[in-house]
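# Structural description and commentary
Each chain is listed here by its residues.
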Amino acid sequence: MKESAKENLRSPIRISQSVQELLRCPRCHARLEQADQQFKCTNPECTALFPIIAGVPVLINEESSIFSIDDIKATTQAFLGDLKEHRVKDFIRRLVPKISSNLKAKSKIAQMEELLLDQSDSPRVLVIGGGILGPGMESLTQNAAIELVDSDVSFGPRTILICDAHAIPFEDGSFDGVIAQSVLEHVVDPYRCSDEIHRVLKDQGLLFAETPLMQQVHAGRYDFTRFTHLGHRRLFRRFEELDSGAASGPGMALAWSYQHFLLSFTTSKRLRMVLRLFSSLTAFWLKYCDRFLIDKPGALDAASAVYFMGRKSGQVLLDRDLVKGYRGAG
Ligand SMILES: [Zn+2]
């Protein structure tokens, strides 16, 4: 590793002091105390140790997570060493027309921003899977009144905390809002993650989540679940619904399907890169159909991804009432 990368490994914690005070042990929920480059659980029966790498606390409960602290250390070092390579790849990626398009995130997150500021002068928002900036998040990141805690299971350009959504390392009621974009398909137990989100939100706290319905496996082995609009609603049954619908439409779903149909012919990396390029160049236009389709009932049954915006509630939506919420074309 280069000297600069080694120095980076000892940089100061980027989480604000007030948020640091809310951190709790992901194993037992006891308070943590910082000692040099690690956090230690203050519960004498737990005494778990969590490293701080490059200013990022790694608060993973290894007993329940599919990630180990050693896995994360390895990805951190790879990330710090390969920043230049990431930039080159990102540059090439930007030249190819995209087959994906999120039509709702920007307006819904703007709506959430207003609601957050109605509820508090300085709202605190946990972003799960926030290592890379999600679609429509720009305005939120630029609002100085809102404190974003960008968390992820690996190192990314925005990661300030590494944790697992199955065991969120925060005190109950710590946040005014939680955002989870394209995350819950990558967790083994989304219901437990939903309970954790509910727990770390304040009463009336806000949630915005987007999750795929019609998307092929991505992120390799770390992809487990898809949700229909109502399946997604049920996942958040302990929330009052403010809004929900298709975030990405059937056009994007078709483009992905076509691309992955072609990709399934080969495992050759080089050939797959060519097929990705070819399918992107021949199917990018499909996403424009979604502008016309996105709010149609049929699109809700065929969406690439669905979204849910809700408020933490003390009530649970009954399954009998859940099915009354069907808004598709069937
Ligand atoms: Zn503990």
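To keep things clear, this report deals only with the structure shown in the data block. (Residues numbered from 1 in each chain as written. Predicted model: local features only at pLDDT ≥ 70, side-chain atom pairs only at ≥ 80, totals over all residues.)

### Focus on the overall build of the chain
When its secondary structure is counted, the chain shows 13 helices and eleven strands. For 330 residues, the compact-globule estimate of 2.2 N^0.38 gives 20 Å, and the chain sits close to it at 20 Å. For the chain, the spread of C-alpha atoms along the three principal axes comes to 55 × 50 × 35 Å. Here the analysis covers contacts within the chain between residues at least 6 apart in sequence; of these, 74% occur between residues at least 24 apart. (Helix = DSSP H or I, 4+ residues; strand = E, 2+ residues; numbered from the N terminus. Rg over C-alpha atoms; globule rule 2.2 N^0.38 Å. Contact = placed C-beta atoms within 7 Å.)

### Here's the deal with the packing of helix H9 (residues 250-263) against helix H11 (residues 286-293)
Any two packed helices are characterised by the angle at which their axes cross and by the distance between the axes. Between H9 and H11, the least distance of the axes is 6 Å, while the angle of their chain directions is 155°. With respect to each other, H9 and H11 are oriented roughly antiparallel. Between H9, through Pro 250, Gly 251, Met 252, Leu 254 and Ala 255, and H11, the contact on the second element is made entirely by Leu 286, Lys 287, Tyr 288, Cys 289, Asp 290 and Leu 293. For the contact of H9 with H11, the per-class residue count stands at eight nonpolar, one polar and two charged. (Axes fitted to C-alpha atoms, helices over the stretch in contact; angles between N-to-C directions. Parallel < 35°, antiparallel > 145°, perpendicular 65-115°, else oblique. Nonpolar A, V, L, I, M, F, W, Y, C, P; charged D, E, K, R; others polar.)

### Structural notes on the environment of Pro 123
Note on placement: Pro 123 falls in the loop between helix H5 (105-119) and strand E5 (124-128). Spatially, the C-alpha atom of Pro 123 lies 7.1 Å from that of Ala 145, the residues being 22 residues apart in sequence. In contact with Pro 123, not counting residues within four places along its chain, are Leu 116, Leu 117, Ile 146, Asp 176 and Gly 177.

### Quick word on the environment of Ser 280
Tracing the sequence through the fold places Ser 280 in helix H10 (residues 269-283). What makes Ser 280 partly exposed here is the crowd of 17 C-beta atoms within 10 Å. In this structure the C-alpha to C-alpha distance between Ser 280 and Tyr 307, which are 27 residues apart in sequence, comes to 25 Å. Every residue in contact with Ser 280, bar those within four places of it in the chain, is listed here: Val 96, Pro 97 and Ile 99. (Buried ≥ 20, exposed ≤ 12 C-beta atoms within 10 Å, placed from the backbone.)

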